[in-house]
Structure formats: C-alpha cells, structure tokens
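# Inside the fold
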Amino acid sequence: MHNTGVEIMRLASLGLGIPENTFDYMFASKPCSTFRIMHYPPWDGSPPDNAKIEDGKVLITPDHTDTNFLTLLARFGYKGLEVLTQDNEWAEIETRPGSLVMNIGDTLSRMMGGRFKATRHRVIDIGVDRYSVPFFMSPNFEVDVGIDLMSKALGEKKEYTPEKYGHYALRRIKYEKKYFEYRDLPDIK
Ligand SMILES: O=C(O)CCC(=O)C(=O)O
Ligand SMILES: [Fe+2]
C-alpha cells in the first residue's frame, strides 16, 4: 500500500508537470501511515435512538474528510461508501473488483494550496456485517505541511507559516473535528 501510494503521487506529479519525486521525501523515513481493519457490526434489531440518520439512511461513519495525506481503501465488495459530489449531492461509490478507492486527505489538499479538494465522504449502514481496510498514507511527523508544494515546484515565492504534520493532524482531530477517541490525547509541544 505504501509503495502504491508513493507511485500514485509520482504519477500525479507527472500529470501536474512538476518533478516526479516532488512528494517522495515526505514518506521516505518513518511515515505516520496507519493500516486499519474495520468491522462495522449490524444493529441488533433497530438502530439506537441516538443513531445519526440523514436522508432516511443510518450513518455508521458521518460526513468527514480524512485528515491524513491520501487514503487507499480496500472494500471487499461491500457497499455503503458515499462521496459528496461537486453538485453537493451524496453519490454511492460503485464497488469494482480488484480496485481501491482513493480519498484525498486534508494534508494533500493543504499542501497543494487547495488545488486538490479533500474528499468528503460518509458510510451508510448496509444492515449486515461490513468490513473495510483503509490505508491512511501519512507523512513523517516532522514534515512541514504549511508549504504549498505546487507553488514551490512552479518557482513561485509564497509566504507561509510552517507547521509539522504531527501537530497539524493532532490539532485538527482533537480540537476541530473533535473525534471522541482522540479527545484525551496529550498536547504535543
Ligand atoms: O469504511 C469505509 O468505507 C470508509 C471509512 C472511512 O471513511 C474512515 O475510516 O475514514
Ligand atoms: Fe474516511
């Protein structure tokens, strides 16, 4: 998955007309990537009273963008993943054998000065056990994510405030997105 992600960023660089190795340094040593195995069990009976329901659908993962750089998701044919389209409508992502879903994360979007948009997505309860395996490709903790790499590659001089990836990711998930599993994380100096 790591090598696939690096290769995708090399191909993206070629497509953008910037040096092929533009993103390599970010993942070369101790990347903060995580590889998770997710199991969403079905409800026993009807969903609980506090279940989040939108458009008549029970959400098992509400609307969000991934904070990391790029996500590669294996779905094993399970439906339920929806993305918000340019027209602001939720669209189901078809399953396709032997393929991965790629979601652009907040970090890639930020480092491209917003030229790439982070993918807003959500997961719908499909009524049966559901499994998915996301690879959250993430840079080294120390990598400066304040820089606009596209502008840099084009030789444009742009003022920016440096920020380490580790600080950026923790700041967003703890204080902005407020994911409950991260609320007790210590602050990092
Ligand atoms: O289970 C899925 O299909 C996606 C999960 C997801 O979006 C996430 O964990 O960030
Ligand atoms: Fe996600």
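An unreviewed UniProt entry lists the chain under the name Fe2OG dioxygenase domain-containing protein, from Tegillarca granosa.

## Describing the site of ligand 1
The local shell around ligand 1 consists of Met38, Tyr40, His64, Asp66, Leu73, His121, Val123, Arg130, Ser132 and Phe136. A distance of 3.0 Å separates an oxygen atom of ligand 1 from a polar side-chain atom of His121. Between ligand 1 and Arg130, the relevant distance is 2.9 Å, taken from an oxygen atom to a side-chain nitrogen or oxygen of the residue. When atoms are counted within 2 Å of each cavity's grid points, the one that captures over half of ligand 1 is the largest pocket. Elements with a contribution of two residues or more to the shell around ligand 1: strand S2 (38-40), strand S9 (121-124) and strand S10 (130-137). Considering every element that reaches the shell around ligand 1, the biggest residue donor is S10, with 3 residues. Counted by class, the shell around ligand 1 contains 5 nonpolar, 3 polar and 2 charged residues.

Cut-offs and rules
Residues numbered from 1 in each chain as written. Chains lettered and ligands numbered in written order. Predicted model: local features only at pLDDT ≥ 70, side-chain atom pairs only at ≥ 80, totals over all residues. Heavy atoms only, no water. Near = heavy atom within 4 Å. Polar contact = N/O pair within 3.5 Å; in protein donor to acceptor, adjacent residues only side chain to side chain. 1 Å grid on protein atoms, 1.4 Å probe; cavity = no way out; pocket = protein on both sides within 12 Å on 5 of 7 lines; lining within 4 Å. Sits in = over half its atoms within 2 Å of the grid points. Helix = DSSP H or I, 4+ residues; strand = E, 2+ residues; numbered from the N terminus. Nonpolar A, V, L, I, M, F, W, Y, C, P; charged D, E, K, R; others polar.

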